[in-house]
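Letter by letter, the chains look like this.
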Amino acid sequence: MKRKVVVTGMGAITPVGNNVGAFWNSLKGGVCGIDFIKAFDTENFKAKLAAEVKDFNPEDTIDKREAKRMDRYCQFAVAAAVEAVKDANIDLENIDKERFGVVVGSGIGGIGTIEKQQQTLLEKGPNRVHPLFIPMIISNMAAGNIGIKFGAKGICTTVVTACATGTNCIGEAYRMIQNGVADIIIAGGTEASITPLSVAGFISLTALSKSTDPNRASIPFDKERSGFVMGEGAGIVILESLEHAESRNAKIYAEVVGYGSTCDAYHITSPGPEGEGAARAIKIAIEEAGIEPAQVSYINAHGTGTEANDKFETAAIKTVFGDSAKEIPVSSTKSMTGHLLGAAGAVEAIASIKAMEDNFIPPTIGYEVADEECDLDYVPNKGREKELNYVMSNSLGFGGHNAVILLKKWSE
């Protein structure tokens, strides 16, 4: 008998707020977190905008010495995990640490540290490279540091599926709890790749918007969309078996009821034709939940603002939902946060849970020009109140990775 899995805590570091409350209030208010890049000089860069995390001080939640041993992506993850564990009110002295796990990933890992240490190598020689260079850059170290901080001795692993990372981490943690591998898992994604090399790479790939208007740069599903805007941050959720959550009288935010994970097996960067792989992932999640497609109340779309993604994700939704597709609100919170890459699915899972809790759908801001190939209800510019019982969150990553989770409003 598979166990029910619930969400009992959340933590977030985002371009529009450094905790879950601030993040959600910004999404509800349609706040744009995009601005000109402050992290480095963009004079020679064709893309000059990003959604950077503001006013983040790692020492607010992490010991100063520990923080210095972490790349920024890792600091984000640990800070968000601190908030999530506190929110879940976990008594760390009275749980079975061997059944307490971590599944947290990053699409790129410690790219900022790589760039800085490469410069040190060239300018000062190999003996001056930081002694902790390797542990700072590897993409499993967010999970490792979280495990160390909280004494989580169960499964501790990392899923890396590019922009599907956060959703795959939550989905795989859900599977582990469902199948009895663990009782509690800290799950999510993290990213801090607004760096010269990363931005240059995405520009060369022609993936980034070159707009210099923060309000018309990340414009998912708009006919004038021209690429995504990079974001950074972390999203962490606490997943727990229902039995374990009830045994400690935990507050329950939502139940995870479906997870679909597929591969396009088509191209390293382009989605499969007509979003076929994404459609299969959506269908799998719905079938696992045991509901009819029309029961889905809202879809938090991957919605990056690239030409191909938005067109094919729309096609995938229409494939699965058929005639009811146009009745289901679909929005992209990336219009406000930019694209957090490996962290995107995790912060969007949190947005989806908060949407159910408040019965409020966050908008797709900056939407002005309708596209005949993207013809669903994208909740343009202004959020709306609606009773939400089942919410779906989609994530699609380079390499043809598709990950979808389906969440249900909690009721006793």
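Refer to the structure presented above.
Description of the structure in this document. All residue numbers refer to position in the chain's written sequence, counted from 1. Under the rules for a predicted model, residues below a pLDDT of 70 receive no local features and side-chain atom pairs below 80 are neither given nor counted, while totals for whole chains, interfaces and linings still include all residues. The basis for every side-chain value is the complete set of non-hydrogen atoms in the structure, without hydrogens or water.

With that out of the way, let us pick up the side chain of Glu191. Per the convention used, a helix needs a DSSP run of H or I reaching at least four residues, while a strand needs a run of E reaching at least two, with both numbered from the N terminus. Relative to the assigned elements, Glu191 resides in strand β6 (residues 184-191). Only protein chains enter the calculation, and the probe is 1.4 Å; a residue is then buried if its accessible area is under 20% of its type maximum, exposed if over 50%, and partly exposed in between. The sign given to each residue is positive for Lys and Arg and negative for Asp and Glu; His and the chain ends receive no count. Within this document, salt bridges are pairs made up of a side-chain nitrogen of Lys or Arg and a carboxyl oxygen of Asp or Glu, the two lying within 4 Å of each other. Salt bridges are absent for the buried Glu191, whose nearest opposite-charge side chain, Arg72, sits at 11 Å. For this analysis, a polar contact is any N or O atom pair within 3.5 Å, provided that within protein one partner can donate a hydrogen and the other can accept it, and provided that sequence-adjacent residues contribute only side-chain to side-chain pairs. Polar contacts involving the side chain of Glu191 include one to the main-chain amide nitrogen of Gly107, which spans 2.9 Å. Polar side-chain contacts of Glu191 include one of 2.8 Å to the backbone nitrogen of Gly342. Contacts were defined at the residue level, with two residues in contact if any of their heavy atoms lie within 4.5 Å. Apart from residues lying up to four places away in sequence, Glu191 is in contact with Tyr73, Phe76, Ser106, Gly107, Ile108, Gly109, Glu232, Gly233, Leu340, Leu341, Gly342 and Ala343.

Here the focus is helix α13 (residues 344-358). In an α-helix there are 3.6 residues to a turn, and that puts residues three or four apart on one side. By this rule the span expected of a helix is its residue count minus one, scaled by 1.5 Å. Taking 1.5 Å of rise per residue, 15 residues should cover 21 Å, and α13 covers 21 Å from first to last C-alpha, within 8% of that figure. Positive phi appears at Asn359, one or two residues downstream of α13, with a value of about 50 degrees.

Before going further, it helps to spend a moment on the packing of aromatic side chains. Working definition: rings of Phe, Tyr and Trp (its six-membered ring) pair if their centres are within 6.5 Å, and the pair is stacked with planes under 30 degrees apart, edge-to-face with planes over 60 apart, and tilted otherwise. With the rule as written, the count across this model stands at six aromatic pairs. On the basis of an interplanar angle of 45 degrees and a centroid distance of 6.5 Å, the ring pair of Phe202 and Phe398 is categorised as tilted. With a gap of 196 residues between them, Phe202 in helix α8 (residues 196-204) and Phe398 in the loop between β13 (390-397) and β14 (401-409) connect regions that are remote in the sequence. Look at Phe202 and you get buried, because its relative accessible area is 12%. The rings of Phe202, Phe228 and Phe398 are connected pair by pair, giving a single aromatic cluster. In this structure, Lys28 packs its charged tip against the face of Phe360, placed 5.4 Å from the ring centre. Two thresholds decide whether a charge sits over a ring: the Lys NZ or Arg CZ must be within 6 Å of the ring centre and within 35 degrees of the ring normal.

Attention now goes to the layout of surface pockets. Whether a set of points on the 1 Å grid over the protein atoms alone is a cavity depends on a 1.4 Å probe fitting there but being unable to get out, while an open set qualifies as a pocket with protein on both sides within 12 Å along at least five of seven lines; lining residues are those with an atom within 4 Å of a point. Grid points are joined across faces, edges and corners, and a volume is the space filled by probe spheres set on the points. Each pocket or cavity is described by its volume, and for the largest pocket that value is around 480 Å³. Around the largest pocket sit 23 residues that line it, and Ala39, Arg72, Lys116, Ile194 and Thr195 are the ones nearest its centre. Elements with a contribution of two residues or more to the lining of the largest pocket: β2 (35-36) and α4 (111-124). When residues in the lining of the largest pocket are grouped by element, the largest group, five residues, is from α4. A breakdown of the residues in the lining of the largest pocket according to their chemical character gives nine nonpolar, five polar and nine charged. Of the pockets and cavities examined, the second largest pocket occupies roughly 400 Å³. Think of it as three bins: nonpolar holds Ala, Val, Leu, Ile, Met, Phe, Trp, Tyr, Cys and Pro, charged holds Asp, Glu, Lys and Arg, and polar takes everything else, Gly as well.

For two strands to be treated as a pair, DSSP must find no fewer than two bridges joining them. Pairing is mixed across the open sheet formed by ten strands, whose spatial order is β5-β4-β6-β7-β1-β8-β14-β13-β9-β10. Only two strands of the sheet have a single partner each, and these edge strands are β5 (156-157) and β10 (330-331). Note that β6 and strand β7 (residues 233-241) share eight bridges and pair antiparallel. Following the sheet pairing, Ile186 is matched in β7 by Ile238. Along the sheet, helix α3 (residues 72-88) contacts β1 (5-13), β6 and β7; its crossing angle with β1, the most-contacted strand, is approximately 135 degrees. Fitted lines through C-alpha atoms serve as axes, helices being fitted only where they are in contact, and the angles separating the N-to-C directions of these axes extend from 0 to 180 degrees.

Quick look at the pattern of salt bridges now. If you walk through the whole model with that rule in mind, you get 23 salt bridges. For Asp310, the salt bridge identified is with Arg225, shortest N-O distance 3.5 Å. Note that Asp310 is positioned in helix α11 (residues 307-321) and Arg225 in the loop between α8 and β7, a separation of 85 residues in sequence. As far as burial versus exposure is concerned, Asp310 and Arg225 are alike and both buried. Where Lys326 meets Asp375, a salt bridge forms, and the shortest distance between an N and an O atom there is 3.4 Å. In this pair, Lys326 sits in the loop between α11 and β10 while Asp375 sits in the loop between β11 (360-361) and β12 (384-385), placing the two residues 49 residues apart along the sequence. Residue class for Lys326 comes out partly exposed when judged on its relative accessible area of 48%. If you follow the salt bridges from partner to partner, you end up with Arg216, Asp222, Glu224 and Glu368 in one network.

Nonpolar side chains (Val, Leu, Ile, Met, Phe, Trp, Tyr) are joined into patches within 5 Å and like charges within 9 Å, using only residues with over 30% relative accessible area and no salt bridge. Methods summary: accessible areas were calculated by the Shrake-Rupley approach with a probe of 1.4 Å, and residue burial reflects only the protein chains presented. Lysine's charge is taken at NZ, arginine's at CZ, aspartate's at CG and glutamate's at CD. Together, Glu59, Asp60, Asp63 and Glu66 make up a negatively charged patch on the protein surface. Relative accessible area serves as the criterion here: at 44%, Asp63 is assigned to the partly exposed category.

Most of β13 sits inside the fold, with eight of its eight residues counted as buried. The side-chain alternation of β13 yields two buried faces, one formed by Tyr390, Met392, Asn394 and Leu396 and the other by Val391, Ser393, Ser395 and Gly397. The pairing of strand β9 (residues 298-300) with β13 spans three bridges and is classified as parallel. Following the sheet pairing, Asn300 is matched in β13 by Ser393. By the bridge criterion, eight bridges tie β13 to β14 in an arrangement that is antiparallel. If you follow Val391 over to β14, its bridge partner there is Leu407. Taken together, β13 and the strand that follows it, β14, pair antiparallel across an intervening segment of three residues, in which Gly399 is found at a positive phi of about 95 degrees.

Moving on, we get to the packing of helix α10 (residues 276-289) against α11. Relative to each other, α10 and α11 sit at 45 degrees, their axes nearing to 8 Å. Considering their axes alone, α10 and α11 lie oblique with respect to each other. As for how α10 packs across α11, the hand of that crossing is right-handed. Listed contacts from α11 to Ala278, Ala279, Ile282, Lys283 and Ile286 of α10 are Ala316, Ile317, Thr319, Val320 and Phe321. Roughly parallel means an angle under 35 degrees; roughly antiparallel, over 145; roughly perpendicular, 65 to 115; everything else is oblique. For any helix crossing, the convention is left-handed if the near helix is rotated counterclockwise from the far helix by under a right angle, and right-handed if that rotation is clockwise.

So, about the nonpolar core. Counting residues in hydrophobic clusters, the biggest one holds 47 residues, and the most contacted among them are Val7, Met10, Phe23, Ile170, Ile185, Val237 and Leu239. Here the element with the most residues in this core is α13; it accounts for nine residues. In this structure, Phe23 is in contact with Ala12, Thr14, Val16, Gly17, Thr337, Val347, Ile350 and Ala351, ignoring residues within four places of it in sequence. By nonpolar core we mean a set of buried residues, namely Ala, Val, Leu, Ile, Met, Phe, Trp, Tyr and Cys, connected to one another through side-chain atoms within 4.5 Å. Counting 34 residues, the second largest nonpolar core, distinct from the first, contains Ala84, Phe100, Ile146 and Phe150.

The analysis is restricted to geometry; functional conclusions fall outside its scope.
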